[in-house]
Amino acid sequence: MNEVTGVVFDIQHYSIHDGPGIRTNVFVKGCPLRCLWCQNPESQARQAQLMVRHDSCVGCGACVGACTRGAVRLEEGKARTDRRLCESCGACVAVCAADAREITGRVMTVEEVYAEAEQDRLFYEGSGGGVTLTGGEVLAQPDFAAAVLARCQEGGLHTAIETCGYGSWEHMAAILDHTDIALYDVKHMDTEAHRCGTGVGNEQILENLSRLSGERGIPVIVRTPVIPGFNDTIANMEAMVVFIKDKVPTCQEVNLLPYHPLGESKREQLETEGTRYRRPEETEMEALREVFKHAGIPVK
């Protein structure tokens, strides 16, 4: 098991929003969805990627000379990258004195991930926390995800996953064998709307959620990013209430997460285009929460 490797793009210590207690979040790379509002666009591709902070670039040109692919050029005093040629080798990163360039994503073994999590054991024991495997998407690296979670449980650590639920039940079941609680994203109840916003329908997602809760009895926190103009309607929330009451008996609470423009700056660093949304007003968020409160479902 410890020889299994995966690609991780971040490990976040002392998190308090992704499961019970104080947690270490392990962000795996790769996601089958292409959400238009994605806050972590660097998580979508499985492989390592170059990210560039153009506001930090001093235009020295060192990266131009270092790139053996001819992918970097100076334009108006800033280094620009032709993503069609870039292989994210890191040669330009090594010579960037301004730290404007970095590679996101590194190969890690199960034991290396566990060692990072083990550092925070005292915080877990005092708060009821543990390790949360997130992303990206855990189902994009199912063997690695299952192995990391198994190692954490072997070491006595509480485990959680955050998942969009899009993947085979076989992969999901293997991961659930070592999962204490699931944070499960439900982005829209209408499959065609879901497809327009994420690139895929929601049939497999909802089926996996139902089986995760009904067959496996895994405690669930349902999470929904509230995206104005996409899923922020009372009708959508009412449909979610019906589904949760009928199909998700282990649901502990619902988290409604207002859109945050964090992903916009990251898309700039990846030199890609993206869709911009507005942040929902607090009065709008409260109206949506009332739907769940009225149904007797705890909501934040």
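Coordinates for the structure precede this section.
One structure accompanies this document, and this report is about it. Everything numeric in this text was worked out from a predicted model, so none of it was measured.

**Considering the overall build of the protein**
Regarding its fold elements, the protein presents eleven helices and twelve strands. Compactness check: the protein gives a C-alpha radius of gyration of 20 Å against a globular reference of 19 Å for 300 residues, within 12% of the reference. Projected onto its principal axes, the C-alpha coordinates of the protein cover approximately 60 × 45 × 35 Å. The 300 residues of the protein split such that 52% are buried. The contacts of the protein with a sequence gap of at least 6 include a subset with a gap of at least 24, amounting to 69%. Surface exposure of the protein reaches about 13,600 Å², of which carbon and sulfur atoms provide 51%.

**A word on the environment of A146**
Take A146: it is sitting in helix α5 (residues 142–154). Setting aside residues up to four positions removed in sequence, A146 forms contacts with A174, I175 and H178.

**Notes on helix α3 (residues 110–118)**
Buried within α3 are the following residues: V110, V113, Y114 and A117. Buried residues of α3, seen end-on, are gathered within an arc of 100° and therefore sit on one face of the element. Buried-residue contacts for α3 involve β1 (5–15), β2 (23–28), β7 (106–109), α4 (121–127), β8 (130–135) and α5.

**Observations regarding helix α10 (residues 262–270)**
Along α10, the residues that are buried comprise G263, E264, K266, R267, Q269 and L270. In this fold, the buried residues of α10 make contact with β3 (49–52) and β6 (101–104). Within two residues after α10, E271 carries a phi angle of roughly 60°, on the positive side.

**Structural notes on the sheet that holds β1**
Across the sheet, which stays open at both edges, the eight strands sit in the order β7-β1-β2-β8-β9-β10-β11-β12 with mixed pairing between neighbours. For this open sheet the edge positions go to β7 and β12 (251–258), each flanked by a neighbour on one side alone. Neighbouring strand axes in the sheet, compared pairwise and without regard to direction, differ in orientation by 30° on average. The sheet contact formed by β1 and β2 spans five bridges and is antiparallel. Residue pairing for β2: V8 is matched across the bridge by V28. Set on the sheet, α3 makes contact with β1, β2, β7 and β8; between it and β7 the angle comes to about 85°.

**Focus on a nonpolar patch on the surface**
A cluster of nonpolar side chains, namely Y14, I16 and F123, defines an oily patch on the protein surface of about 330 Å² accessible area. As for its placement among the helices and strands, I16 is situated in the loop between β1 and β2.

**Details of the packing of helix α9 (residues 234–247) against helix α11 (residues 282–294)**
Interaxial distance between α9 and α11 falls to 9 Å at its minimum, and their mutual angle equals 25°. With respect to α11, the axis of α9 lies roughly parallel. The chirality of how α9 crosses α11 is right-handed. Note on element contacts: α11 touches α9 through A287, L288, V291 and F292, opposite I234, M237, E238, M240, V241 and I244.

**Some words on the pairing of β8**
Across the six residues of β8, six count as buried, placing the element largely inside the fold. When β2 meets β8, the two strands line up parallel, connected through six bridges. For F27, the partnering residue across the bridge sits in β8 and is T134. Bridging between β8 and strand β9 (residues 158–163) involves four bridges; their strand directions are parallel. Bridge pairing links L133 to I161 in β9. For the crossover that starts at β8, traverses α5 and ends in the parallel β9, the hand is right-handed.

**Description of the nonpolar core**
L133, L212, I244, V254, L256 and F292 are the most contacted members of the largest nonpolar core, which has 55 residues in total. Top element by residues in this core is α5. It accounts for seven residues.

**Regarding the side chain of N25**
Turning to its location among the elements, N25 is positioned in strand β2. Under the relative-accessibility criterion, N25 is labelled buried at 0%. Side chain to side chain, N25 and S15 meet in a polar contact 3.1 Å long. Non-local contacts of N25, meaning those with residues more than four positions away in its chain, are made with D10, I11, Q12, S15, D18, T132 and T134.

Conventions and cut-offs
Residues numbered from 1 in each chain as written. Predicted model: local features only at pLDDT ≥ 70, side-chain atom pairs only at ≥ 80, totals over all residues. Heavy atoms only, no water. Helix = DSSP H or I, 4+ residues; strand = E, 2+ residues; numbered from the N terminus. Rg over C-alpha atoms; globule rule 2.2 N^0.38 Å. Buried < 20%, exposed > 50% of the residue type's maximum accessible area, 1.4 Å probe, protein only. Contact = heavy atoms within 4.5 Å. Areas by Shrake-Rupley, 256 points an atom, 1.4 Å probe, with all protein chains shown as cover. Arc of directions from axis to C-beta. Pairing = 2+ DSSP bridges. Axes fitted to C-alpha atoms, helices over the stretch in contact; angles between N-to-C directions. Patch = residues over 30% accessible without salt bridge, like charges linked within 9 Å, V, L, I, M, F, W, Y side chains within 5 Å. Salt bridge = Lys/Arg side-chain N within 4 Å of Asp/Glu carboxyl O. Parallel < 35°, antiparallel > 145°, perpendicular 65-115°, else oblique. Left-handed = near helix turned anticlockwise from the far one by under 90°. Right-handed = clockwise from strand over helix to strand, strands pointing away. Core = buried A, V, L, I, M, F, W, Y, C linked by side-chain atoms within 4.5 Å. Polar contact = N/O pair within 3.5 Å; in protein donor to acceptor, adjacent residues only side chain to side chain.

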